Amino acid sequence: MELTSKDGNMVVDFYPIKDFSNNIINNRMLKVLSFRGDMQKKMIISKDEFYSQVREYIMQYKYKVTNEYYPAQYINILKTLDEQFITKEEVLA
């Protein structure tokens, strides 16, 4: 699912994720933030966070749904979670 800000500068994409055996990971989503076409950040979020964030982007920030097609993406979940942990450590340091 693709959400776009009112001015078109910020785009948030949400994708279901799957492992390399093509098994959908049901309780997680991939969130990709892009600013003016440049990818800024990727993160794995829970399905509950996904529903909450989509609602917040649309209701509070007035983002528009610009694409409802969101194919499942292959993800190395251990590597991605490790990258998120390292990023959080850097912020705390």
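Here the structure is shown first, and the text comes after it.
The shown structure was predicted, so the numbers you read here are calculated from the model rather than taken from an experiment.

Section: the nonpolar core
By size, the foremost hydrophobic cluster in this structure holds twelve residues: M1, L3, V12, F14, M29, L33, M43, I45, F50, V54, Y57 and Y63. Of all the secondary-structure elements, those providing two or more residues to this core are β2 (10-18), β3 (24-35), β4 (38-46) and α1 (47-59). For this core, the element with the most residues is α1, which contributes three residues. The contacts of Y63, once residues within four sequence positions are left out, are L3, T4, S5, M10, V12, Y57 and I58. Judged by nonpolar contacts, the second largest core, of six residues, contains Y15, I17, L30 and I75.

Things to note about the packing of aromatic side chains
Under the definition given, this model contains five aromatic pairs. Taking the centre distance of 6.3 Å and the plane angle of 55° together, the rings of Y57 and Y61 count as tilted. Take Y57: its relative accessible area is 13%, and that puts it in the buried class. Measuring from ring centre to ring centre gives 4.9 Å for Y57 and Y63, while their planes differ by 50°; the resulting arrangement is tilted. We note that Y57, like Y63, is buried. If you follow K18 out to its NZ or CZ, it ends over the ring of Y74, 4.5 Å from the centre.

Focus: the pairing of β3
The pairing of β2 with β3 spans nine bridges and is classified as antiparallel. Residue pairing across strands places Y15 opposite L30, the latter belonging to β3. The turn joining β2 and β3, which pair antiparallel and follow one another in sequence, is formed by five residues; a positive phi near 65° is taken by N22. Bridge analysis of β3 against β4 gives eight bridges, and the strand direction is antiparallel. In the strand pairing of β4, M29 is matched with I45.

Description of the pairing of β2
Within β2, eight of the nine residues are buried, leaving the element largely enclosed by the surrounding structure. Judged from the three bridges that link them, strand β1 (residues 2-4) and β2 form a sheet pairing that is antiparallel. Bridge assignment links E2 to a residue of β2, and that residue is D13. Linking two consecutive strands that pair antiparallel, namely β1 and β2, is a turn of five residues; a positive phi of about 80° is found at G8 within it. Relative to strand β6 (residues 73-74), β2 runs parallel, the two being bridged by two bridges.

What counts, and at which threshold
- Residues numbered from 1 in each chain as written.
- Predicted model: local features only at pLDDT ≥ 70, side-chain atom pairs only at ≥ 80, totals over all residues.
- Heavy atoms only, no water.
- Core = buried A, V, L, I, M, F, W, Y, C linked by side-chain atoms within 4.5 Å.
- Buried < 20%, exposed > 50% of the residue type's maximum accessible area, 1.4 Å probe, protein only.
- Helix = DSSP H or I, 4+ residues; strand = E, 2+ residues; numbered from the N terminus.
- Contact = heavy atoms within 4.5 Å.
- Phe/Tyr/Trp six-rings, centres within 6.5 Å; stacked < 30°, edge-to-face > 60°.
- Lys NZ or Arg CZ within 6 Å of the ring centre and 35° of its normal.
- Pairing = 2+ DSSP bridges.

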